[in-house]
Amino acid sequence: MSDLFEASGIHPPDAPLADRLRPASLEEVVGQDHLLGEGGPIRRMVDAGRLGSMILWGPPGTGKTTIARLLAKAAGYEYQAISAVFSGVADLKKAFEAARMRRAAGQSTLLFVDEIHRFNRAQQDGFLPFVEAGVVTLVGATTENPSFELNGALLSRSQVYVLKRLDDAALDQLLRRAEAHMGRSLPLTDEARQAMLALADGDGRYLLTMSEVLFDLPEGEALDVQGLAGVLQRRAPAYDKSREEHYNLISALHKSVRGSDPDAALYWLARMLNGGEDPLYLARRIVRMAVEDVGEADPLSILVANAAKDTYDFLGSPEGELALAQAVVHLATAPKSVGVYEAFKAAKRAAHETGSLMPPAHIRNAPTKLMKQLGYGKGYQYDPDTPEGFSGANFFPDEMERRVFYKPKGEGHEEKIKARLERWAEMRARMADQGGDA
């Protein structure tokens, strides 16, 4: 429930700086012009005077709560807020009943649900009849991907709007507002000011929290980067190993390696390590990159990747991380081929389609006299003993036509493999014409 300060729009003198600087209108919100600026989807709703239910998805400190509060103010709706962290079914029932009574009196309600992804599926279903009936206009806030965390039925009744992390320009605008509010500049050199923007990592609330610490310092010389680090405790990067950010960053690492960009690959590797990712998880992914994207174009890559894993096992952090970095650079700069990867997928499809066809008799094992009498192993040629080291024999089932799964493009080591396969194909065709095994 709002207290007298909040209801009047006045903040108590001991309120955090971030609260004292909350925007008074949508025009004052920074960093979200794609939604709130001229022609933005939320701006269009406000201009039309009718709000639709929506999910605001974005990182911490980007203005989700502020936008919801200002939307209600701009559209003339009653603002009611609950948090999924602290609320249960009883709280939801009270909120819906209050909204129903307001509606009967001609007053619309904007129900803001913070951390909406924390409600379970059944609780989320409970919103549906009230949203559909227009009892409430739902504005949910989440830091998690709604596709994974919210019911499809709820998503189908809401627009999802993505809030951007605040860039340096938006963060600097917040700093200037803080300085104007406090009546003095932050005690920072230009370099330290930039370092502080980097520490905020796109989170406006955290930036203002750090600013409040600096404003409380006694007046003196401006802090340099080292002095700033001494005053502030650096927080961990915004990274959750079990959530979407984890998958975004490993995707960025893998695709940077696949795209032969060692610099970007090293950056994403460092981001994940700094965020607390398990280095052995990264080692496993690096081995996967070696077999999936490099393959026979550079057969040494899988050895390098496995060696990096073994080296990290032996040395641990931080020394062993250098081995992972070396493997990433090796893979990123290696020639790429998905020849083996695609060939194996095609072979698996063929194996599924053809079922349990037996190998041709000449390559079946014949450990018993009966099997030999049945022709098992008859006519088998030991390829290394043939004049050209190649027999041209058929190794597919008799009932199956020969197929080509592996098609090297000729990158790196595969150039030699491709030439060898082409030579063997010519020999096989020639032997078939001469009446040999094809």
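It should be noted that the structure appears before, not after, this text.
The sections below set out a description of the structure shown in this document. (Residues numbered from 1 in each chain as written. Predicted model: local features only at pLDDT ≥ 70, side-chain atom pairs only at ≥ 80, totals over all residues. Heavy atoms only, no water.)

1. Considerations on the packing of aromatic side chains
For step 1, the next point in the chain: The full count for this structure, using the stated rule, is 7 aromatic pairs.
For step 2, the next point in the chain: Relative to Phe112, the ring of Tyr79 lies with its centre 6.3 Å away and its plane at 25°, an arrangement referred to as stacked. Taken together, the positions of Tyr79 in strand β2 (residues 78–83) and Phe112 in strand β3 (residues 109–114) put the pair 33 residues apart, joining distant regions of the chain.
For step 3, the next point in the chain: A ring pair is formed by Phe390 and Trp424, whose centres lie 5.6 Å apart and whose planes are at 0°; its orientation type is stacked. Here Phe390 is found in the loop between α21 (369–373) and α22 (414–433), whereas its partner Trp424 is found in helix α22, with 34 residues between them in sequence.
For step 4, the next point in the chain: Overall, Phe390 belongs to the buried group, its relative accessible area being 10%.
For step 5, the next point in the chain: We classify Trp424 as partly exposed; its relative accessible area is 27%.
For step 6, the next point in the chain: By way of ring pairs, the aromatic residues Phe96, Phe119, Phe127 and Phe130 are connected into one cluster. (Phe/Tyr/Trp six-rings, centres within 6.5 Å; stacked < 30°, edge-to-face > 60°. Helix = DSSP H or I, 4+ residues; strand = E, 2+ residues; numbered from the N terminus. Buried < 20%, exposed > 50% of the residue type's maximum accessible area, 1.4 Å probe, protein only.)

2. Looking at the pairing of β3
For step 1, the next point in the chain: Of all 6 residues that make up β3, 5 are buried, and the element is covered over most of its length.
For step 2, the next point in the chain: Note that β2 and β3 share 6 bridges and pair parallel. The partner of Ser83 across the bridge, within β3, is Asp114.
For step 3, the next point in the chain: Once the chain exits β2 it traverses helix α6 (residues 89–104) before rejoining the sheet at β3, and the crossover so formed is right-handed. (Pairing = 2+ DSSP bridges. Right-handed = clockwise from strand over helix to strand, strands pointing away.)

3. What to know about the sheet that holds β2
Sheet strands pair by backbone hydrogen bonding; their relative direction is either parallel or antiparallel.
For step 1, the next point in the chain: Within the open sheet, the 5 strands sit side by side as β2-β3-β4-β1-β5. Their pairing is parallel. The open sheet is flanked by β2 and β5 (159–162), the only strands paired with a single partner. For this sheet the average axis-to-axis angle between neighbouring strands, irrespective of direction, equals 20°.
For step 2, the next point in the chain: Taken together, the 4 bridges between β3 and strand β4 (residues 137–142) define a ladder with parallel strand orientation. Of the residues in β4, the one forming a bridge with Leu110 is Thr137. (Axes fitted to C-alpha atoms, helices over the stretch in contact; angles between N-to-C directions.)

4. What about the environment of Gln373?
For step 1, the next point in the chain: Here Gln373 is to be found in helix α21.
For step 2, the next point in the chain: For Gln373, a relative accessible area of 58% gives the class exposed.

5. Structural notes on the packing of helix α18 (residues 300–315) against helix α19 (residues 321–333)
For step 1, the next point in the chain: Two numbers describe how α18 lies on α19: the axes approach to 8 Å, and their chain directions differ by 170°. Considering the angle they form, α18 stands roughly antiparallel to α19. In this structure, the crossing between α18 and α19 has a hand that is left-handed. Within the contact between the two elements, α18 uses Ser301, Val304, Ala305, Ala308, Thr311 and Tyr312 and α19 uses Glu321, Ala323, Leu324, Ala327, His330 and Leu331.
For step 2, the next point in the chain: Partitioning the contact of α18 with α19 into residue classes produces 8 nonpolar, 3 polar and 1 charged. (Parallel < 35°, antiparallel > 145°, perpendicular 65-115°, else oblique. Left-handed = near helix turned anticlockwise from the far one by under 90°. Contact = heavy atoms within 4.5 Å. Nonpolar A, V, L, I, M, F, W, Y, C, P; charged D, E, K, R; others polar.)

6. Quick notes on the side chain of Ser301
For step 1, the next point in the chain: In this fold, Ser301 is placed in helix α18.
For step 2, the next point in the chain: We classify Ser301 as buried; its relative accessible area is 0%.
For step 3, the next point in the chain: Polar side-chain contacts of Ser301 include one of 3.4 Å to the side chain of His330.
For step 4, the next point in the chain: Among residues more than four places away in sequence, those in contact with Ser301 are Ala290, Val294, His330, Leu331 and Ala334. (Polar contact = N/O pair within 3.5 Å; in protein donor to acceptor, adjacent residues only side chain to side chain.)

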